[in-house]
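If you want the building blocks of each chain, they are given just below.
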Amino acid sequence: MALKKLVAGNWKMHGLSADLSEIEAIATAARDYPNVDVALCVPAILIERAARAVPGFSIGGQDVHDAEQGAHTGCTSALMLLDAGASLTIVGHSERRDAQRESNEEVRAKAEAALSVGLDVILCIGESFDVRERGAAVDTVTAQLDASLPPSLEGEAELAVAYEPIWAIGTGKVPTGPQIAEMHATIRARLRARYGADGTHVRILYGGSVKPSNAGEIFAIADVDGALVGGASLKAADFIPIVAAAAAVEGQGTIA
Ligand code: PEP
């Protein structure tokens with residue numbers, strides 16, 4: 001069963017007040033593609049202004065702390081994200097796993113904290129180039145996924161998994177179609193093993209150098225239920241053609 005595609009932008013550490021007009025442009029243009037869910041994950045400090053600027057459009061955070069509140073200087077709780085107007089958050093992005101040394105256990109706790117307050121979650125996993133080169137990508141990503149997933153899916157909030165090979169992020173390099181298909185099929189099997197029938201409904205996004213020029217091909221691969229997009233999400237002129245590519249693939253067959 002094909003799931004409705006989700007195309008989410010990750011603005012990383014980009015975005016000032018002046019860029020709210022770009023968020024408005026993206027939200028307005030996204031309305032032309034009702035068969036695709038579209039979201040933008042912006043810097044925490046921009047969430048409230050973005051959510052006010054584009055009511056009804058999904059604005060998300062890029063990280064969340066697992067505690068409800070407390071002595072965690074500089075951190076943002078799930079309730080704070082929600083309170084600011086976010087409806088989702090990314091957890092476990094490779095840039096945080098690397099720079100902030102986030103473990104799978106922390107990522108799982110963050111996912112649970114976000115889901116428990118009703119925030120949808122995009123949980124990122126992916127292998128390094130070295131791991132891919134030595135033929136250990138599937139085993140490594142499987143282990144990372146198993147250790148990062150929340151134990152159960154309860155409540156209304158949705159979990160999505162983003163497969164993002166680290167070597168493809170911001171590099172212009174993209175895995176081959178069969179490599180993406182193999183990884184997404186593996187992730188689907190693990191989700192079913194963990195959640196039973198509910199694992200069939202968890203969207204699996206691909207992330208890493210998605211562009212207007214390659215999006216259609218990527219979205220046509222089986223079990224690619226959308227994309228997490230970094231650089232190409234900053235401008236409507238790049239991002240909306242990716243959304244359009246997802247819309248065009250909806251209802252068509254996928255390539256196993
Ligand atoms: C990302 O960082 O999540 C990402 C996919 O970046 P890019 O699209 O720029 O490769």
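Procedures and definitions
Residues numbered from 1 in each chain as written. Predicted model: local features only at pLDDT ≥ 70, side-chain atom pairs only at ≥ 80, totals over all residues. Heavy atoms only, no water. Salt bridge = Lys/Arg side-chain N within 4 Å of Asp/Glu carboxyl O. Helix = DSSP H or I, 4+ residues; strand = E, 2+ residues; numbered from the N terminus. Buried < 20%, exposed > 50% of the residue type's maximum accessible area, 1.4 Å probe, protein only. Near = heavy atom within 4 Å. Polar contact = N/O pair within 3.5 Å; in protein donor to acceptor, adjacent residues only side chain to side chain. Areas by Shrake-Rupley, 256 points an atom, 1.4 Å probe, with all protein chains shown as cover. Nonpolar A, V, L, I, M, F, W, Y, C, P; charged D, E, K, R; others polar. Phe/Tyr/Trp six-rings, centres within 6.5 Å; stacked < 30°, edge-to-face > 60°. Lys NZ or Arg CZ within 6 Å of the ring centre and 35° of its normal. Arc of directions from axis to C-beta.

Draft legend 1. Representation of the pattern of salt bridges in the model. Within this structure, the stated rule accounts for 14 salt bridges. Ionic pairing is found between Lys4 and Asp37, a salt bridge with its closest N-O pair at 3.1 Å. Here the residue Lys4 occupies a position in the segment before strand E1 (5-10), and Asp37 occupies one in strand E2 (residues 36-41), the gap between them amounting to 33 residues. Classification of Asp37 by relative accessible area gives partly exposed; the value is 26%. Residue Arg52 pairs with Glu48 through a salt bridge whose shortest N-O separation is 2.7 Å.

Draft legend 2. Spatial organisation of the site of the ligand. Around the ligand, the structure places 15 residues, and the nearest of them are Lys12, Glu164, Gly170, Ser209 and Gly230. For the ligand, an oxygen atom lies 2.8 Å from a polar atom in the backbone of Gly230. The contact in question runs from an oxygen atom of the ligand to an N or O atom on the backbone of Gly231, over 2.9 Å. For the ligand, whose unbound accessible area comes to 290 Å², protein coverage reaches 97%. Among the residues forming the shell around the ligand, the class breakdown is 4 nonpolar, 8 polar and 3 charged.

Draft legend 3. Looking closely at the packing of aromatic side chains. A complete count under the given rule lists 2 aromatic pairs for this structure. Pairing Phe129 with Trp167 gives two aromatic rings, centres 6.1 Å apart and planes at 70 degrees, and the pair type is edge-to-face. In this pair, Phe129 is assigned in helix H6 (residues 129-133) and Trp167 in the loop between strand E6 (159-163) and helix H8 (177-195), connecting sequence segments 38 residues apart. Taking the relative accessible area as the measure of exposure, Phe129 reaches 41% and is therefore partly exposed. When its relative accessible area of 12% is taken as the criterion, Trp167 is described as buried. Here Lys173 stacks its cationic end above the ring of Phe129, 5.7 Å away from the centre of that ring.

Draft legend 4. Just the environment of Leu159, in detail. Tracing the backbone through its elements, the reader meets Leu159 in strand E6. With relative accessibility at 5%, the residue Leu159 sits in the buried group. Residues Leu159 and Leu3 lie 156 residues apart in sequence; the distance between their C-alpha atoms is 13 Å.

Draft legend 5. Structural context of helix H1 (residues 20-30). Looking only at H1, the buried set comprises Leu20, Glu22, Ile23, Ile26, Ala27 and Ala30. Buried positions in H1, seen along its axis, are confined to an arc of 160 degrees and lie on one side of it.

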